Amino acid sequence: MVVGEFQDIAAAFARRGWLPAEETYSTAVWKTIKSFLFGSQYRYSPVSPLYFFGRYQDFARQKPRHSIHERNHLRLWYLPMRYGGKPVFIGQISRDIGVRFTTKTITTHKIDPDVDEARHALVEDLLFSQTVARVGWVKGVGYARPSNPRTNLTGDPYFTDGVRSVLILRQGPIALDQIKTLD
């Protein structure tokens, strides 16, 4: 969960190297295939659409790592509520560890099964953006053990402690020792 004005959220992610994605079109598909085959970096590769309550994401960013096989993908959706007068977003993040071809979408990423690692990396990244005013944790999807993982829509296994991070952002800079925790 991220609370804040859209421009403050976009600025925080840009400050930490999160990039927008190209729209999926034929040139992007060929660039993706080329990166897959030759292991090159494609910083703006497309982010596939995901839906929350039938709505396409309102905000999508990615943070490339070493190659097209390794990146973090983030999607945020506006919620019909406000907290402290600010918009509230619900989000999804994944750490991609590979690319594979599919019959449905041409390519898709294989995600790291430890989804909490991606969540923690995101929280850490945003803490260093100097825009986090408050941080906390709430119940989420529930616990899933590594020995008994759940699976995502493409059949990849994942495990989690089941909690969701809550980040309240504002214009910075906000020093690490000024960040407050949520009850």
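The preceding data block contains the structure.
Computed from a prediction, not measured in an experiment: that's the story for all the values here.

Parameters and conventions
- Residues numbered from 1 in each chain as written.
- Predicted model: local features only at pLDDT ≥ 70, side-chain atom pairs only at ≥ 80, totals over all residues.
- Heavy atoms only, no water.
- Helix = DSSP H or I, 4+ residues; strand = E, 2+ residues; numbered from the N terminus.
- Buried < 20%, exposed > 50% of the residue type's maximum accessible area, 1.4 Å probe, protein only.
- Areas by Shrake-Rupley, 256 points an atom, 1.4 Å probe, with all protein chains shown as cover.
- Lys, Arg positive; Asp, Glu negative; His and termini not counted.
- Salt bridge = Lys/Arg side-chain N within 4 Å of Asp/Glu carboxyl O.
- Polar contact = N/O pair within 3.5 Å; in protein donor to acceptor, adjacent residues only side chain to side chain.
- Expected span 1.5 Å × (residues − 1).

Undergrad: When you look at the overall build of the chain in this model, what are you seeing that I'm missing?
TA: The helix and strand inventory of the chain stands at 3 helices and 12 strands. The buried share of the chain, taken over its 183 residues, is 41%. With an accessible surface of roughly 10,300 Å², the chain has 56% of that area assigned to carbon and sulfur atoms.

Undergrad: For this particular structure, what's the right way to read the side chain of R71?
TA: Mapped onto the elements, R71 comes out in strand 5 (residues 71-83). Buried and without a salt bridge, R71 has D96 as its closest oppositely charged side chain, separated by 5.2 Å. In this structure the side chain of R71 is engaged in a polar contact, spanning 2.5 Å, whose partner is the side chain of Q62.

Undergrad: Quick question: what am I supposed to make of helix 3 (residues 115-127) here?
TA: Owing to its 3.6 residues per turn, the α-helix aligns residues three or four sequence positions apart on the same side. In this model, helix 3 (13 residues) spans 19 Å end to end at C-alpha, consistent with the 18 Å of a helix rising 1.5 Å per residue. For helix 3, the full list of buried residues reads D116, A118, R119, L122, V123, D125 and L126.

Undergrad: Would you mind showing me how to read the environment of L50 here?
TA: Position of L50 among the secondary structure elements: in the loop between helix 2 (26-38) and strand 2 (51-52). Residues L50 and R75, 25 residues apart in the sequence, show an inter-C-alpha distance of 7.9 Å.

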